[in-house]
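Structural description and commentary
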Amino acid sequence: MSITNSAILQVLSTVNDPDLKKDLVSLNMVKDIVVSDEKVSFTVVLTTPACPLKEKIKNDCLEAVKKVVGDKVAINILMTSSVTTLRDNAPLLPGVKNIIAIASGKGGVGKSTVTTNLAVALALSGAKVGLIDADIFGPSIPVMFNCEREQPEVKVVNGKNLIMPLEQYGVKLMSIGFLAPPESAVVWRGPMASSALKQFIGDTIWGDLDYLLIDLPPGTSDIHLTLVQTVPVTGAIIVTTPQKVALADAVKGLAMFKQPSINVPVLGVIENMAYFTPEELPDNKYFIFGKDGGKNLAEKFNVPFLGQIPLVQSIRESGDSGLPAVMKGGTAALAFTHLAESLARQVAIRNATFDTTKKVELTV
């Protein structure tokens, strides 16, 4: 019996993407089918290189095709990816597929640590990643990427001076910390800080990126409004710790993105410092700041819960040394890798489910 392309397509139309709840063929994820009497090969294009369900989808395809060709025909499946986007023909950041705001209600919850490790984890998965340190008054990203003494180059394009972002660990970076001495304080009024963020967005050569993470300052401020007024944000992440005082402020941050005048989809909640695990007792968990506060917050507001990050000494040491924990292996690295997979998954679901985010027009 001869095998045809249409027969392979038909059987692959029974294989669903578990997240998007549609079959691979209708999602246009099956490419380059080549068939012969001895071999069948095709490509499956996933929605992100950080897809946590890659092996499941591959095995489902293998089992489906075997039903048609049997066990004697070789099946070769190439798994690749193309990150989805709703930002076609965007005037600002035209090469950036997804803009992700990372926020917290209060300071000290480890938002910059989470952002740093998320960015590096996504880059390690094969994605093109950029990171803007929008915490103008307390920039942490230069230290966490071990480049606080470096300065970006300026390139003249069509008579205009544009900034070339620094690159470290596969992530493109921009921060006010690169433009001011580490020992100096940035003493600016709100409009000046907002102007700096606009320059980081519009006057920096970001090129093609799958994800641009924006590390926002704590609370709800001019910077948050400037971001959503300048570019349409794909989605927002809320970082919190389990304790009540952090959750009370996290609610405000979450509510800001959900209010009708802003209407940025909340991709999920991350619970940092969820429990303490001593390195010598990796299986022990001590809930120092309370238990499941972030998880309960996500359930209350009906948004995804992306995961928990333990409170371990190596994460703090990694931030101070400028070598992110996700690069070192172990429990912390695994937690951040799973977190990046959850984020990438929610971005793909968001792009397949919701309309394009509109740039916010506020008169106040």
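Below you will find a few notes about this structure. (Residues numbered from 1 in each chain as written. Predicted model: local features only at pLDDT ≥ 70, side-chain atom pairs only at ≥ 80, totals over all residues. Heavy atoms only, no water.)

In total, this model carries three aromatic pairs according to the counting rule given. Ring centres of phenylalanine 276 and tyrosine 286 lie 6.3 Å apart, and the angle between their planes is 40°; this geometry places the pair in the tilted category. Separated by ten residues along the polypeptide, phenylalanine 276 in the loop between strand 14 (266-271) and helix 8 (293-300) and tyrosine 286 in the loop between strand 14 and helix 8 bring together distant segments of the chain. By relative accessible area, phenylalanine 276 is classed as partly exposed at 30%. A relative accessible area of 39% means that tyrosine 286 is categorised as partly exposed. The ring of tyrosine 275 is capped by lysine 285, whose NZ or CZ atom sits 4.5 Å from the centre of that ring. We note lysine 291 situated over the ring of phenylalanine 287; from NZ or CZ to the ring centre the distance is 4.9 Å. (Phe/Tyr/Trp six-rings, centres within 6.5 Å; stacked < 30°, edge-to-face > 60°. Helix = DSSP H or I, 4+ residues; strand = E, 2+ residues; numbered from the N terminus. Buried < 20%, exposed > 50% of the residue type's maximum accessible area, 1.4 Å probe, protein only. Lys NZ or Arg CZ within 6 Å of the ring centre and 35° of its normal.)

Before going further, it helps to spend a moment on the sheet that holds strand 13 (residues 235-240). Strands sit in the order 10-11-7-12-6-13-14-15 across an open sheet of eight strands; the sheet is mixed. Each edge of the open sheet carries a strand with a single partner, namely strand 10 (166-168) and strand 15 (305-308). The sheet shows a mean angle of 25° between the axes of neighbouring strands, direction not considered. Across the face of the sheet, helix 3 (residues 111-124) comes into contact with strand 6 (96-103), strand 7 (129-133), strand 11 (171-175), strand 12 (209-215), strand 13 and strand 14 while running at roughly 170° to strand 12. The strands touched by helix 7 (residues 244-258) within the sheet are strand 6, strand 13 and strand 14, with strand 13 carrying the most contacts at an inclination of about 175°. (Pairing = 2+ DSSP bridges. Axes fitted to C-alpha atoms, helices over the stretch in contact; angles between N-to-C directions. Contact = heavy atoms within 4.5 Å.)

With 15 residues, helix 7 extends 21 Å between its outermost C-alpha atoms, agreeing within 8% with the 21 Å of an ideal straight helix rising 1.5 Å per residue. Looking only at helix 7, the buried set comprises Ala246, Leu247, Ala250, Gly253, Leu254, Met256 and Phe257. (Expected span 1.5 Å × (residues − 1).)

This part covers a nonpolar patch on the surface. A surface patch of nonpolar side chains, amounting to about 260 Å² of accessible area, comprises Leu124, Leu323 and Met327. As for its placement among the helices and strands, leucine 124 is situated in helix 3. With a relative accessible area of 55%, leucine 124 lands in the exposed category. (Patch = residues over 30% accessible without salt bridge, like charges linked within 9 Å, V, L, I, M, F, W, Y side chains within 5 Å. Areas by Shrake-Rupley, 256 points an atom, 1.4 Å probe, with all protein chains shown as cover. Salt bridge = Lys/Arg side-chain N within 4 Å of Asp/Glu carboxyl O.)

The subject of this paragraph is the pairing of strand 6. The buried fraction of strand 6 amounts to seven of the eight residues, a majority that puts the element mostly inside the structure. Sheet analysis places strand 6 next to strand 12, joined by six bridges and oriented parallel. Across the sheet, valine 96 pairs through a bridge with leucine 209, a residue of strand 12.

Glancing now at the sheet that holds strand 4 (residues 39-46). One open sheet holds the three strands; their spatial order is 3-4-5, and the pairing between them is mixed. This sheet does not close on itself; its edge strands, each paired only once, are strand 3 (30-35) and strand 5 (74-81). Ignoring strand direction, the axes of neighbouring strands in this sheet form an average angle of 10°. Across eight bridges, the pairing between strand 4 and strand 5 is parallel. Directly across from lysine 39, in strand 5, lies its bridge partner alanine 74. The strands touched by helix 1 (residues 5-12) are strand 3 and strand 4; relative to strand 3, the strand with the most contacts, the crossing angle is about 135°. Sheet strands touched by helix 2 (residues 54-69): strand 4 and strand 5. Its angle to strand 5, the strand with the most contacts, is close to 150°.

The backbone phi angle of asparagine 263 is positive, close to 55°, even though this residue is not glycine. If you trace the backbone, asparagine 263 turns up in the loop between helix 7 and strand 14. Asparagine 263 sits in the exposed class, given a relative accessible area of 54%.

Counted under the stated rule, the structure contains seven salt bridges. A salt bridge links arginine 345 to aspartate 19, with the shortest nitrogen-to-oxygen separation between them at 2.7 Å. Placement of the pair is arginine 345 in helix 10 (residues 330-353) and aspartate 19 in the loop between strand 1 (16-17) and strand 2 (22-23), with a sequence separation of 326 residues. Classification of arginine 345 as partly exposed rests on a relative accessible area of 30%. For aspartate 19, a relative accessible area of 17% corresponds to the buried category.

Limitation: the analysis is restricted to geometry and does not speak to function.
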